[in-house]
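Listed below are the residues making up each chain.
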Amino acid sequence: MTRLIVLEGLDGAGTTTQARRLVAHLNAKGGKAHLTREPSDGPIGQLIRQMLTGHHAIENQAIAQSTFGLLFAADRLDHLQREVEVQLAAGAMVVSDRWYHSSLAYQGTGADRDWITTLNARARKPDLTIFLSVRPEVAAARRISAGRIQELFEDMRMQEEVAAGYKATISELAAQGERIETIDGEASPDAVFGAIVALVGTLAP
Ligand SMILES: Nc1ncnc2c1ncn2[C@@H]1O[C@H](COP(=O)(O)OP(=O)(O)O)[C@@H](O)[C@H]1O
Ligand SMILES: [Mg+2]
């Protein structure tokens with residue numbers, strides 16, 4: 001079963017927890033599943049992670065969202081070509097912790113929206129995207145209790161904007177026929193996982 005499954009949500013929604021769990025579950029059942037994430041572990045993804053955590057700062061000048069828009073799109077095509085497509089061709093199910101929905105929700109909320117859409121036009125459409133819906137304040141509380149370093153994107157006001165960005169992105173892509181399922185990410189980790197497994201079970205073999 002060669003399928004691309006994507007988990008999306010605010011920072012703290014639980015995508016990393018659930019992506020890991022899903023891949024472990026699929027492999028334990030005797031399938032072949034590959035876990036990956038964005039920013040990717042490739043060179044552009046590594047650069048993005050450094051930039052998000054304040055490396056490469058110049059004279060306190062914030063890095064423009066349009067710069068991130070370009071880098072995330074470049075990372076995505078590199079990630080797709082050198083990792084995701086290779087795994088799919090080898091017969092694996094690929095589970096990605098974030099995909100282009102994140103670019104649209106984080107960088108595509110303003111005037112750059114059409115441009116971000118164009119930059120991502122060559123990125124493979126997932127077979128199934130699962131959005132873990134969590135209120136911004138719940139996501140923030142989880143990040144705080146996990147002791148996670150505050151990244152550039154992890155500011156409350158911005159998270160409210162990102163939540164609105166996801167809402168717009170999901171309705172737009174769903175209207176174009178993309179399969180995006182929203183589940184309650186505020187439920188217990190086991191309940192969220194059960195809902196994810198049920199959705200993945202609906203994919204045709
Ligand atoms: N359903 C859940 N209920 C409560 N806490 C959760 C849940 N899912 C994840 N967490 C916790 O919230 C924090 C963020 O989870 P994580 O998977 O890293 O989120 P993300 O990758 O979406 O930022 C972690 O400390 C994790 O243990
Ligand atoms: Mg994560």
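Definitions and limits used
- Residues numbered from 1 in each chain as written.
- Chains lettered and ligands numbered in written order.
- Predicted model: local features only at pLDDT ≥ 70, side-chain atom pairs only at ≥ 80, totals over all residues.
- Heavy atoms only, no water.
- Phe/Tyr/Trp six-rings, centres within 6.5 Å; stacked < 30°, edge-to-face > 60°.
- Helix = DSSP H or I, 4+ residues; strand = E, 2+ residues; numbered from the N terminus.
- Buried < 20%, exposed > 50% of the residue type's maximum accessible area, 1.4 Å probe, protein only.
- Contact = heavy atoms within 4.5 Å.
- Pairing = 2+ DSSP bridges.
- Axes fitted to C-alpha atoms, helices over the stretch in contact; angles between N-to-C directions.

(A) Molecular detail of the packing of aromatic side chains. By the definition in use, this model includes three aromatic pairs. Seen from their ring centres, Phe68 and Phe72 are 6.3 Å apart, and the 45° between their planes marks the pair as tilted. Residue Phe68 and its partner Phe72 are located together in helix H3 (residues 65-89), separated by four residues, close to a single helical turn. In this structure, Phe68 and Phe72 share a single accessibility class: buried. For the ring pair Phe131 and Tyr166, a centre distance of 4.8 Å and an interplane angle of 45° mean the geometry is tilted. Residue Phe131 is found in strand E4 (residues 128-133), and its partner Tyr166 is found in helix H7 (residues 156-175); the two are separated by 35 residues along the sequence. The buried category is assigned to Phe131, whose relative accessible area is 10%.

(B) Geometry of the side chain of Arg113. Assignment of secondary structure puts Arg113 in helix H5 (residues 113-119). When residues no more than four places from it in sequence are discounted, the contact partners of Arg113 are Leu104, Gly108, Ala168, Thr169 and Glu172.

(C) Spotlight on unusual backbone geometry. In this structure, the amide linkage connecting Glu38 to the following residue, Pro39, adopts the cis form with an omega of -5°. Relative to the assigned elements, Pro39 resides in the loop between strand E2 (33-37) and helix H2 (43-52). Located in the positive-phi region is Asn60, a residue other than glycine, with phi close to 60°. Position of Asn60 relative to the elements: it lies in the loop between H2 and H3. You can call Asn60 exposed: its relative accessible area is 81%. Here the phi dihedral of Arg98 falls at roughly 85°; this positive angle occurs in a residue that is not glycine. Looking at the element boundaries, Arg98 is found in the loop between strand E3 (93-97) and helix H4 (100-106). For Arg98, a relative accessible area of 12% gives the class buried.

(D) Molecular detail of the sheet that holds strand E1 (residues 4-8). Strand order across the open sheet formed by five strands is E2-E3-E1-E4-E5, with parallel pairing between neighbours. What marks the edges here is a single partner per strand, and that holds for E2 and strand E5 (180-184). Taken pair by pair, the neighbouring strands of this sheet meet at an average axis angle of 20°, ignoring direction. Note: E1 against E3, four bridges, orientation parallel. Paired with Val6 across the two strands is Ser96, which belongs to E3. Lying over the sheet, helix H1 (residues 15-28) contacts E1, E2, E3 and E4, oriented at roughly 165° with respect to E3. Its contacts with the sheet place H7 against E1, E4 and E5, and it is angled at close to 140° to E5.

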